[in-house]
Amino acid sequence: STEKKDKTSQDVIEKTTLTDERVAIGSKFFTMVKGNGQEITKDHPFYKWVGGKKLPRVVLFSSDGNKIGKLEGRASPSKVFSLMQKAFSRDFQGKLDRIVKDYQKILTSIDKLDVLKKSLATKEGKKGLTNSDKKKIEKEKQELAAEEQELKDQEDKILEVERKSA
């Protein structure tokens, strides 16, 4: 049935496009509103803004409510991200792709820290540790905690993007 096909298409976009790392990071600057596209018929009051021919449908608006663009059918992550860049540039200073790349670097560093923390936890769990070993492990834990806080501060700074003045 058409309803089942549309639901499957929506599932695909949610599981692939919206989980793409660039789209997921870029979406931090947008508010997602999910609706049932089958209910947006030509007589629906929102049809002129979000209506269309194919589902699923991705529609992006600027913060002042102007439609930036629309993708219908199976929208690839790159097409969605491209539309997000266009919408971002309407409202914010800077370039979304640059912000996303910087954010990805932080995520990679956080992943590396997680590996180090697990390794340290394994060391800490070993039997027969000397007091010297325990002090060394405690010092490493404090250093990792400081690095983690630094990364979180960098993450916060990256997400502090100035809006363009109206």
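Since we're looking at a predicted model, the values are computed, not measured. (Residues numbered from 1 in each chain as written. Predicted model: local features only at pLDDT ≥ 70, side-chain atom pairs only at ≥ 80, totals over all residues. Heavy atoms only, no water.)

Student: Tell me about the pattern of salt bridges, and please be specific about residues and values.
Tutor: Two side chains with opposite charge may pair up if their charged atoms get near one another. Enumeration according to the criterion identifies eight salt bridges in this entry. Glu72 is paired through a salt bridge with Arg57; the nearest N and O atoms lie 3.4 Å apart. One end of the pair, Glu72, is in strand β2 (residues 67-72); the other, Arg57, is in strand β1 (residues 57-61), with 15 residues separating them in the sequence. When its relative accessible area of 31% is taken as the criterion, Glu72 is described as partly exposed. A salt bridge links Asp102 to Arg98, with the nearest nitrogen and oxygen atoms 2.8 Å apart. Here Arg98 and Asp102 lie together in helix α5 (residues 96-124), a separation of four residues that amounts to about one turn. By relative accessible area, Arg98 is classed as partly exposed at 41%. The structure contains a network of salt bridges with shared partners spanning Arg57, Lys70 and Glu72. (Salt bridge = Lys/Arg side-chain N within 4 Å of Asp/Glu carboxyl O. Helix = DSSP H or I, 4+ residues; strand = E, 2+ residues; numbered from the N terminus. Buried < 20%, exposed > 50% of the residue type's maximum accessible area, 1.4 Å probe, protein only.)

Student: Quick rundown of the nonpolar core? Include the residues and the values.
Tutor: One finds Phe29, Leu60, Val80, Met84, Phe88 and Leu96 to be the most contacted residues of the largest nonpolar core, which totals 28 residues. Those elements giving two or more residues to this core turn out to be α2 (21-26), β1, β2, α4 (77-91), α5 and α6 (131-159). Looking at this core element by element, the count peaks at seven residues for α5. (Core = buried A, V, L, I, M, F, W, Y, C linked by side-chain atoms within 4.5 Å.)

Student: Describe the environment of Ala24, and please don't skip the residues or the numbers.
Tutor: Within the secondary structure layout, Ala24 lies in helix α2. Taking C-alpha positions, Ala24 is 9.3 Å from Phe81, a pair spaced 57 residues apart along the chain.

Read these as layout, nothing more, since geometry by itself doesn't imply function.
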